[in-house]
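Each chain, letter by letter, is given below.
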Amino acid sequence: MSIVKRFLNSETEEPESEMPVFEGELTFLNPNNGFAILSEEINDDVATKFIDKLYRTAFTSPDPIIIIFNSPGGEVYASIAIIDAIQSVPNKTVGLTLGRASSGAFYAHQACDYRIMTKNSVLFWHEMIWSPENMIRTNAESMKFHQDYKKLNDHLINFFKKRMKITPENWK
């Protein structure tokens with residue numbers, strides 16, 4: 001039995017009772033859809049390989065791409081590259097978390113058009129942890145780093161709040 005059939009309403013099997021039943025667009029997913037897997041700590045090399053696989057899959061078929069997540073996250077800019085790639089493909093994307101989507105992988109999961117988790121999966125979010133690439137030597141460099149950090153961190157937080165429909169009243 002395919003993972004997609006297990007979690008999506010299909011002709012041969014209904015989802016488990018505690019799993020949501022998806023209708024409409026998601027019912028056209030099938031085991032022949034393209035897959036991309038993100039299952040390592042995210043760094044530039046992992047991001048490059050993932051993006052290559054994602055684009056090759058997108059340009060091979062107009063069908064939805066299923067992105068399987070089981071990643072602890074990783075480097076900020078590598079994660080942002082993955083987010084941008086997911087949002088740039090013309091195909092619908094379905095993020096399926098098996099295990100965990102933590103840190104940068106959490107944000108990448110939010111970039112998908114549809115997001116699915118198993119009942120044992122974990123999404124883990126935290127504010128961005130970002131260290132300067134070079135030693136900060138002056139107050140001006142420190143202020144610039146802090147401003148850049150705040151801008152990028154606020155952008156990522158607002159991105160996921162919008163995707164998860166979190167209102168200002170609920171964000172505390």
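In the block above lies the structure referred to throughout.
Remember, predicted model here, so these are calculated numbers, not experimental data. (Residues numbered from 1 in each chain as written. Predicted model: local features only at pLDDT ≥ 70, side-chain atom pairs only at ≥ 80, totals over all residues. Heavy atoms only, no water.)

Peer 1: Please provide a residue-by-residue account of the packing of aromatic side chains, values included.
Peer 2: The final tally for this structure, using the stated rule, is 2 aromatic pairs. Ring geometry for Phe 106 against Tyr 107: centres 5.5 Å apart, planes inclined by 75°, an arrangement best described as edge-to-face. The exposure class assigned to Phe 106 is buried, which follows from its relative accessible area of 3%. Classification of Tyr 107 as buried rests on a relative accessible area of 5%. (Phe/Tyr/Trp six-rings, centres within 6.5 Å; stacked < 30°, edge-to-face > 60°. Buried < 20%, exposed > 50% of the residue type's maximum accessible area, 1.4 Å probe, protein only.)

Peer 1: A description of the pattern of salt bridges should follow, citing residues and the corresponding values.
Peer 2: Applying the stated criterion across every chain yields a total of 2 salt bridges. A salt bridge links Asp 45 to Lys 49; its shortest N-O distance comes to 3.1 Å. Of this pair, Asp 45 and Lys 49 both sit in helix H2 (residues 44-60), 4 residues apart, which is roughly one turn of that helix. Since its relative accessible area comes to 44%, Asp 45 is described here as partly exposed. (Salt bridge = Lys/Arg side-chain N within 4 Å of Asp/Glu carboxyl O. Helix = DSSP H or I, 4+ residues; strand = E, 2+ residues; numbered from the N terminus.)

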